[in-house]
Amino acid sequence: MLLEVLGSALLGLALSWAAASRLSHRLPARPLVFCTGVAGALFGDFVTHSALDPGAVLVTLLGAAIVSAASLSLLLRPTGRRLRRRSIPA
């Protein structure tokens, strides 16, 4: 179980590093990105470990990766270009 938690934390760290290196212009400060990635992976590991059997390590790591990616996607800011839309009068 300890190796599963360490694997999930490393997976979250790897996902957050990849997001920070590729999307640095759309993300906040790097420490927040890394903390969010690791925390999302640990929470995903906890949820999938609780829902499934303790022996399903690969599925648990997959759940950790999905929740970590979803957590990181919540940090994304819109791009600099904004389309100006006019509201339709009622």
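Residues numbered from 1 in each chain as written. Predicted model: local features only at pLDDT ≥ 70, side-chain atom pairs only at ≥ 80, totals over all residues. Heavy atoms only, no water.

Attention now moves to the overall build of the protein chain. Counting its regular elements, the protein chain contains three helices and zero strands. Mapped in sequence order, the helices and strands of the protein chain form the string α-α-α. Scaling as 2.2 N^0.38, a compact globule of 90 residues should have a C-alpha radius of gyration of about 12 Å, whereas the protein chain reaches 17 Å, well beyond that. C-alpha atoms of the protein chain, sized along the principal axes, occupy 60 × 35 × 15 Å. Pairs at least 24 residues apart make up 73% of the contacts formed inside the protein chain by residues separated by at least 6 positions. (Helix = DSSP H or I, 4+ residues; strand = E, 2+ residues; numbered from the N terminus. Rg over C-alpha atoms; globule rule 2.2 N^0.38 Å. Contact = heavy atoms within 4.5 Å.)

Among the structural elements, E4 can be located in helix α1 (residues 2-22). Buried charge E4 goes without a salt bridge, the closest partner of opposite sign being R30 at 27 Å. E4 has contacts with D45, H49, P54, V57, T60 and L61, leaving out every residue within four places of it along the chain. (Buried < 20%, exposed > 50% of the residue type's maximum accessible area, 1.4 Å probe, protein only. Lys, Arg positive; Asp, Glu negative; His and termini not counted. Salt bridge = Lys/Arg side-chain N within 4 Å of Asp/Glu carboxyl O.)

The next subject is the packing of α1 against helix α3 (residues 57-73). Axis separation between α1 and α3 bottoms out at 9 Å; the angle between their running directions is 35 degrees. For α1 against α3, the interelement crossing comes out right-handed. Seen from α1, the contacting residues are E4, G7, S8, L11, G12, L15, S16 and A19; seen from α3, they are V57, T60, L61, A64, A65, S68, A69 and L72. Looking at the contact of α1 with α3 residue by residue, the classes come out as nine nonpolar, six polar and one charged. (Axes fitted to C-alpha atoms, helices over the stretch in contact; angles between N-to-C directions. Left-handed = near helix turned anticlockwise from the far one by under 90°. Nonpolar A, V, L, I, M, F, W, Y, C, P; charged D, E, K, R; others polar.)

This next bit is on the environment of V57. Structurally, the position occupied by V57 is in helix α3. Note: C-alpha distance between V57 and L3 (54 residues apart in sequence) is 9.8 Å.

A word on a nonpolar patch on the surface. A contiguous nonpolar patch, built from M1, V5 and L42 and spanning about 280 Å² of accessible area, is present on the exposed surface. Positionally, L42 belongs in helix α2 (residues 30-51). (Patch = residues over 30% accessible without salt bridge, like charges linked within 9 Å, V, L, I, M, F, W, Y side chains within 5 Å. Areas by Shrake-Rupley, 256 points an atom, 1.4 Å probe, with all protein chains shown as cover.)

Okay, the nonpolar core next. The biggest cluster of nonpolar side chains holds six residues, and these are A19, A20, L27, V33, L72 and L75. Excluding its chain neighbours within four sequence positions, the residues that come into contact with L72 are L15, S16, A19, L27, V33, T36 and G37. (Core = buried A, V, L, I, M, F, W, Y, C linked by side-chain atoms within 4.5 Å.)

Our next topic: α3. Spanning 17 residues, α3 covers 24 Å between terminal C-alpha atoms, matching the ideal 24 Å at 1.5 Å per step. Elements that come into contact with the buried residues of α3 comprise α1 and α2. (Expected span 1.5 Å × (residues − 1).)

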